[in-house]
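Chain residues, written in single-letter form:
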Amino acid sequence: MAGITLLPKSRLRECLPVNSLGSENKVKLFWRFCSYLLDKEIMPTALKTAVLVGSILFAINQGPALAKGEMNRGRWLSAALTYVVPYFVNAHGQCVNRSEQDS
């Protein structure tokens, strides 16, 4: 694909499931996952997906409450997660896809 830079093979293996990483410390795994969420090669597509999918889901799930002025703290938290989850899913999908292409 033109314009897409793939992650190095050594980093692709890090996208694999926890049980395939051996005895690695879960804290290190957590920080590695966080680094992928902020990876400059993953972020652009993940952000576009989060905005598009999150906005659609926000309109479906929170639109009526927003229109009626019934947004409270719980609804705003739910609205934030509506954008965060598609971002995480897309970033994970990119890692898995790239690791499959590399193997």
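Residues numbered from 1 in each chain as written. Predicted model: local features only at pLDDT ≥ 70, side-chain atom pairs only at ≥ 80, totals over all residues. Heavy atoms only, no water.

Caption draft 1: Region of the structure containing the overall build of the protein. Helix and strand counts for the protein stand at 5 helices and 0 strands. Order of helices (α) and strands (β) in the protein, N terminus to C terminus: α-α-α-α-α. Put simply, of all contacts in the protein between residues at least 6 apart along the chain, 72% involve residues at least 24 apart. Total accessible area on the protein stands at roughly 7200 Å², and carbon and sulfur atoms take up 65% of it. (Helix = DSSP H or I, 4+ residues; strand = E, 2+ residues; numbered from the N terminus. Contact = heavy atoms within 4.5 Å. Areas by Shrake-Rupley, 256 points an atom, 1.4 Å probe, with all protein chains shown as cover.)

Caption draft 2: Expanded view of the packing of aromatic side chains. Under the defined criterion, the tally for this structure stands at 2 aromatic pairs. When the centroid spacing of 6.4 Å and the interplanar angle of 25° are considered together, the rings of Phe58 and Trp76 count as stacked. Taken together, the residues Phe58 in helix 3 (residues 43-61) and Trp76 in helix 5 (residues 73-102) connect sequence positions 18 residues apart. A relative accessible area of 44% places Trp76 in the partly exposed class. Each ring, one from Phe58 and one from Tyr83, has its centre 6.5 Å from the other, and the planes form 35°; the classification is tilted. (Phe/Tyr/Trp six-rings, centres within 6.5 Å; stacked < 30°, edge-to-face > 60°. Buried < 20%, exposed > 50% of the residue type's maximum accessible area, 1.4 Å probe, protein only.)

Caption draft 3: Local environment of a nonpolar patch on the surface. A cluster of nonpolar side chains, namely Phe33, Leu77, Leu81, Val84, Val85, Phe88 and Val89, defines an oily patch on the protein surface of about 610 Å² accessible area. Here the element with the most residues in the nonpolar patch is helix 5; it accounts for 6 residues. When its relative accessible area of 55% is taken as the criterion, Leu77 is described as exposed. (Patch = residues over 30% accessible without salt bridge, like charges linked within 9 Å, V, L, I, M, F, W, Y side chains within 5 Å. Salt bridge = Lys/Arg side-chain N within 4 Å of Asp/Glu carboxyl O.)

Caption draft 4: Representation of the side chain of Gln62 in the model. Tracing the backbone shows Gln62 in the loop between helix 3 and helix 4 (63-68). Taking the relative accessible area as the measure of exposure, Gln62 reaches 5% and is therefore buried. What Gln62 contacts, discounting residues up to four positions off in sequence, is Leu57, Met71, Arg75, Ser78 and Ala79.

Nothing here speaks to function; it is geometry throughout.
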